[in-house]
Amino acid sequence: MGLTIAEKIIQRHLVSGEMIRGSEIALRIDQTLTQDATGTMAYIEFEAIGVPRVKTELSVAYIDHNTLQSGFENADDHIYIQSVAKKYGIRFSRPGNGICHQVHLERFGKPGKTLIGSDSHTPTCGGIGMLAMGAGGMDVAVAMGGGAYYITMPKMYKVNLTGRLSPWVSAKDVSLEILRILSVKGGVGAIIEWGGEGVKTLSVPERATITNMGTELGATTSIFPSDEVTREFLAAQGREEDFTPLESDPDAVYDRVIDIDLSTLEPLIACPHSPDNVKRVSEIAGTKVDQVCIGSCTNSSLRDMLRVAAILKGKKIADSVSLSISPGSKQVLTALADCGALTDILSAGARLLECACGPCIGMGFSPNSGGVSLRTFNRNFEGRSGTSDAGVYLVSPEVAAAAALTGKITDPRTLGEYPKISLPSEYRVDDSAVIMPASAADAERVPVIKGPNIKSFPETAPLPDEIEASLTLKVGDNITTDHIMPAGAKILPYRSNIPHLSKFCFAVCDETFPERAKAAGKTVIVGGANYGQGSSREHAALVPLYLGVKAVVAKSFARIHAANLINAGIIPFTFADGDDYDRLDEGDALKIENLHASLENGAATLVDVTKGISVPLVCTFTERQRKMLFAGGLLPYTKEQ
Ligand code: MIC
Ligand code: SF4
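What counts as what
Residues numbered from 1 in each chain as written. Chains lettered and ligands numbered in written order. Predicted model: local features only at pLDDT ≥ 70, side-chain atom pairs only at ≥ 80, totals over all residues. Heavy atoms only, no water. Helix = DSSP H or I, 4+ residues; strand = E, 2+ residues; numbered from the N terminus. Contact = heavy atoms within 4.5 Å. Near = heavy atom within 4 Å. Nonpolar A, V, L, I, M, F, W, Y, C, P; charged D, E, K, R; others polar. Pairing = 2+ DSSP bridges. Axes fitted to C-alpha atoms, helices over the stretch in contact; angles between N-to-C directions. Expected span 1.5 Å × (residues − 1). Buried < 20%, exposed > 50% of the residue type's maximum accessible area, 1.4 Å probe, protein only. Polar contact = N/O pair within 3.5 Å; in protein donor to acceptor, adjacent residues only side chain to side chain. Phe/Tyr/Trp six-rings, centres within 6.5 Å; stacked < 30°, edge-to-face > 60°. Lys NZ or Arg CZ within 6 Å of the ring centre and 35° of its normal. Salt bridge = Lys/Arg side-chain N within 4 Å of Asp/Glu carboxyl O. Areas by Shrake-Rupley, 256 points an atom, 1.4 Å probe, with all protein chains shown as cover. Right-handed = clockwise from strand over helix to strand, strands pointing away. 1 Å grid on protein atoms, 1.4 Å probe; cavity = no way out; pocket = protein on both sides within 12 Å on 5 of 7 lines; lining within 4 Å. Points joined across faces, edges and corners; volume = space filled by probe spheres on them. Core = buried A, V, L, I, M, F, W, Y, C linked by side-chain atoms within 4.5 Å.

Caption draft 1: Looking closely at the environment of Ala-401. Tracing the sequence through the fold places Ala-401 in helix 13 (residues 397-406). In sequence terms Ala-401 and Leu-634 are 233 residues apart; their C-alpha atoms lie 46 Å from each other. If sequence neighbours within four positions are ignored, Ala-401 has contacts with Ile-294, Val-308, Ile-311 and Leu-312.

Printed below as a string of structure tokens:
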């Protein structure tokens with residue numbers, strides 16, 4: 001039987017398990033990346049494991065999420081990360097060098113290798129044929145220490161592309177089309193391989209936009225073949241030696257095949273508040289726009305920025321629109337400056353922001369109240385922009401630039417001829433903003449610098465045999481980690497301070513939750529389908545742990561969040577019968593007995609003491625996951641080993 005691209009990489013990296021869909025496999029990890037918002041915690045965890053040097057081929061620590069430094073907190077985090085990186089053999093990408101995924105794609109990713117990153121958009125490097133996955137910080141810490149990364153062997157989906165994109169339609173529209181077809185739950189448990197003749201028409205940055213946004217499908221990752229286009233991109237980055245060709249076998253077996261004819265696609269738009277709420281731009285054209293933001297790890301490549309510059313050239317943006325541009329990396333920004341495109345962008349009236357995540361994670365540039373914001377980003381969850389009643393729409397750079405000019409949602413095809421751009425055959429390579437670690441011989445003398453904002457890890461304890469807790473919070477379907485542990489400029493500086501962060505837990509859903517959870521002592525949360533979608537932030541598990549959450553009972557879970565809960569020693573139970581969700585209410589007293597035996601058997605009974613009813617739960621975990629839960633999480637489990 002032939003193999004898919006992902007199966008080929010998995011086969012070469014398999015440490016244990018078998019490539020049987022649905023069973024647990026362990027993978028050797030070649031590269032890791034972290035960003036600052038999840039990195040501080042990941043490195044605290046890495047230090048707790050007690051390994052003197054990272055054991056990966058390459059590990060990079062990026063600073064890109066919180067670069068505002070509105071107070072000492074983040075500056076302290078950055079210095080901590082820099083010092084840890086230097087000591088333990090990790091490259092440090094300075095703030096300003098760019099967004100982790102964009103920089104990693106440009107400078108470090110390699111076809112055929114494995115990468116995990118403490119950020120859910122790590123699949124971006126799937127655009128050059130890497131098996132790249134988002135993970136919790138603790139999993140990244142373990143991988144840096146030489147440990148394997150455990151996943152459930154995913155199903156294999158294939159998207160067959162034919163044709164070629166029409167003018168004014170771009171990779172973002174392909175992402176939105178697949179979200180329209182599959183929804184934010186449709187990729188859960190699957191790896192999505194992009195293939196077919198149409199692939200050849202897509203450049204690496206376009207492919208990376210598509211693999212980046214595969215995260216919004218809930219997919220384990222997305223991957224493109226490594227072909228001539230990949231070779232040319234790596235050669236232009238001065239690293240052709242990193243190229244290896246990679247394609248699936250003709251008789252590879254897929255669980256689902258989806259056909260998309262690129263030439264039939266139109267400009268699309270994801271409406272508030274979900275990336276899968278997709279419409280045609282032409283359907284809602286005319287809606288007044290207040291703000292346009294161009295950037296983020298989805299659409300900040302030189303290709304995207306040159307396109308925007310060409311559309312804006314010689315024109316002025318509408319008076320009523322505020323336009324921000326954040327190039328994805330220093331390389332992109334300098335290339336824009338060198339060729340004069342930056343002047344075209346600025347002359348049109350744009351505001352230039354740093355090469356960082358910025359508005360995507362609510363770090364400034366929040367929309368006006370009730371405002372309409374068009375963003376080339378990947379997530380438009382409620383409140384994520386920092387303005388809870390704003391309407392955030394996700395669009396391509398073409399649609400964003402068109403709206404900036406007209407002040408309305410505009411089908412860009414009405415703007416006339418699609419301006420041509422050409423990408424350089426050689427990028428200006430300057431890695432001076434990546435600081436190399438100390439040599440192994442010098443490492444011992446390098447001090448680790450920890451400021452007062454860096455608090456220790458919340459305490460975990462071995463699993464008792466019984467949970468008696470209150471149902472402190474009941475939430476609906478598709479709860480994101482932005483609901484559980486919001487980010488944004490006010491909160492992000494405290495990513496290394498769990499006690500402080502806990503004050504904002506579930507603030508989007510119910511501001512009283514933290515106090516009520518503390519008063520209850522022990523809490524069970526009840527959720528709907530796809531609980532924990534979105535970000536990889538393990539804070540969405542560590543903060544509940546700190547607040548006394550013992551278990552989450554939901555209709556289904558998103559992959560990374562379920563892993564993060566287990567890593568934190570919190571049990572993710574699923575309802576045996578989803579209808580039981582309706583029988584439980586906030587405030588009920590709950591009991592789950594015989595936990596150890598239940599976990600061994602894969603089934604538990606939740607007793608609602610208040611109502612006098614029993615609800616069957618499913619808890620089928622692998623042996624390793626059970627051991628982790630018994631030990632109280634991944635850290636105590638790793639130390640036990
Ligand atoms: C996001 O896009 O939500 C983030 C911020 O990049 C997160 C990571 C984080 O919460 O720090 C992600 O996607 O994993
Ligand atoms: Fe940064 Fe936004 Fe990308 Fe997350 S999605 S890594 S916040 S740019």
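Caption draft 2: Region of the structure containing the site of ligand 2. With respect to spatial proximity, the complete set of residues near ligand 2 consists of His-65, His-101, Asp-119, His-121, Ser-296, Cys-297, Cys-357, Cys-360, Ile-361, Asn-378 and Arg-384. Partitioning the shell around ligand 2 into residue classes produces 4 nonpolar, 5 polar and 2 charged.

Caption draft 3: Seen up close, the sheet that holds strand 6 (residues 114-117). If you walk across this open sheet you meet the 6 strands as 7-6-3-4-5-20, and the pairing is mixed. Looking at the sheet topology across the chains shown, the edges are occupied by strand 7 (131-134) and strand 20 (434-435). Relative to strand 4 (residues 58-62), strand 3 (residues 31-34) is paired through 4 bridges, and the arrangement is parallel. Of the residues in strand 4, the one forming a bridge with Thr-34 is Ala-61. Along the sheet face, helix 5 (residues 137-144) touches strand 3, strand 4 and strand 6 and points at about 140° away from the line of strand 3.

Caption draft 4: Layout of helix 2 (residues 36-49). Relative to the 20 Å expected for 14 residues at 1.5 Å per residue, helix 2 spans 20 Å between its end C-alpha atoms, a close match to the ideal helical length. With 11 of 14 residues buried, helix 2 is to be regarded as a mostly interior element. For helix 2, the full list of buried residues reads Asp-36, Ala-37, Thr-38, Gly-39, Thr-40, Met-41, Ala-42, Tyr-43, Ile-44, Glu-45 and Phe-46. Near the N-terminus of helix 2, the side chain that reaches the backbone nitrogen of Ala-37, with its oxygen 2.6 Å away, is that of Gln-35. One or two positions beyond helix 2, positive phi appears at Gly-50, with a value near 80°.

Caption draft 5: Fine view of the packing of aromatic side chains. Enumeration according to the criterion identifies 7 aromatic pairs in this entry. Geometrically, the ring pair formed by Phe-46 and Tyr-88 is edge-to-face, given 5.2 Å between the ring centres and 85° between the ring planes. Of this pair, Phe-46 sits in helix 2 while Tyr-88 is found in helix 3 (residues 72-88), placing the two residues 42 residues apart along the sequence. Each member of the pair, Phe-46 together with Tyr-88, is buried. Pairing Tyr-531 with Phe-557 gives two aromatic rings, centres 5.8 Å apart and planes at 80°, and the pair type is edge-to-face. Placement of the pair is Tyr-531 in the loop between strand 22 (523-527) and helix 18 (539-546) and Phe-557 in the loop between strand 23 (549-554) and helix 19 (559-567), with a sequence separation of 26 residues. The pair formed by Tyr-531 and Phe-557 is uniform in burial state, with each residue classed as buried. A cation over a ring is seen here: Lys-555 above Tyr-581, with NZ or CZ 4.5 Å from the ring centre. The ring of Tyr-150 is capped by Arg-624, whose NZ or CZ atom sits 3.5 Å from the centre of that ring.

Caption draft 6: Looking closely at the pairing of strand 2 (residues 24-27). Relative to strand 2, strand 1 (residues 14-16) runs antiparallel, the two being bridged by 2 bridges. Bridge pairing in strand 2 links Leu-14 to Leu-27.

Caption draft 7: Structural view of the pattern of salt bridges. Evaluation of the coordinates by the stated rule reveals 39 salt bridges. Notably, a salt bridge pairs Lys-450 with Glu-47, separated by 3.9 Å at the nearest N-O pair. Highlighted residues: Lys-450 in the loop between helix 14 (440-443) and strand 21 (467-474) and Glu-47 in helix 2, separated in sequence by 403 residues. Residue Arg-231 pairs with Glu-240 through a salt bridge whose shortest N-O separation is 2.6 Å.

Caption draft 8: Spatial organisation of the site of ligand 1. Near ligand 1 you find 14 residues, and of these Asp-119, Ser-120, Arg-384, Ser-536 and Arg-537 are the closest. A distance of 2.5 Å separates an oxygen atom of ligand 1 from a polar atom in the side chain of Ser-120. Within the complex, 97% of the 330 Å² of free accessible area of ligand 1 lies under protein. A breakdown of the residues in the shell around ligand 1 according to their chemical character gives 2 nonpolar, 7 polar and 5 charged.

Caption draft 9: Just the environment of Val-448, in detail. Checked against the element boundaries, Val-448 lands in the loop between helix 14 and strand 21. Val-448 sits in the partly exposed class, given a relative accessible area of 29%. Residues Val-448 and Ile-311, spaced 137 residues apart in sequence, show a C-alpha to C-alpha distance of 48 Å. Setting aside residues no more than four positions away along its own chain, Val-448 makes contact with Glu-47, Tyr-80, Ser-83, Val-84, Lys-87 and Tyr-88.

Caption draft 10: Region of interest: the pairing of strand 4. Across the 5 residues that make up strand 4, a large majority, 5, are buried. By the alternation rule, side chains of strand 4 split into Leu-58, Val-60 and Tyr-62 and Ser-59 and Ala-61, which are all buried. As paired strands, strand 4 and strand 5 (residues 91-93) are joined by 3 bridges and run parallel to one another. Following the sheet pairing, Ala-61 is matched in strand 5 by Phe-92. As a crossover connection, the stretch from strand 4 through helix 3 into strand 5 is right-handed.

Caption draft 11: Spatial organisation of the layout of surface pockets. Roughly 910 Å³ of internal volume is contained in the largest pocket. For the largest pocket, the lining is made up of 35 residues, of which Thr-152, Arg-559, Ala-562, Ala-563 and Gln-625 are closest to its centre. The set of elements that each furnish at least two residues to the lining of the largest pocket consists of helix 5, strand 8 (149-152), helix 19, strand 24 (571-575) and helix 21 (623-631). Examining the composition of the lining of the largest pocket, we find that 6 residues originate from one element, helix 19, more than from any other.

Caption draft 12: Here's a closer look at the sheet that holds strand 11 (residues 221-223). With parallel pairing, 4 strands are arranged side by side in an open sheet as 11-10-9-12. Pairing within the sheet leaves two strands with one partner each, and these edge strands are strand 11 and strand 12 (256-261). Strand-to-strand twist in this sheet, taken as the mean axis angle between neighbours without regard to direction, amounts to 20°. Here strand 9 (residues 155-162) runs beside strand 10 (residues 190-195); their pairing, made up of 6 bridges, is parallel. Paired with Val-159 across the two strands is Trp-194, which belongs to strand 10. Contacts from helix 6 (residues 171-182) reach strand 9, strand 10 and strand 12 within the one sheet, and its direction differs from that of strand 12 by about 135°.

Caption draft 13: Region of interest: the nonpolar core. Formed by 103 residues in total, the largest nonpolar core has its most connected members in Phe-506, Phe-513, Tyr-531, Ile-571, Phe-573, Leu-599 and Leu-617. Per-element accounting of this core gives the leading share, 6 residues, to helix 5. Contacts of Phe-573, omitting those with residues within four sequence positions, involve Ala-551, Val-552, Val-553, Ala-554, Phe-557, Ile-592, Leu-595, Leu-599, Ala-604, Leu-617, Val-618 and Cys-619. Ranked by size, the runner-up nonpolar core spans 60 residues in total, among them Cys-125, Ile-345, Ala-403 and Tyr-427.

Take it as geometry only, folks, not as evidence of what the structure does.
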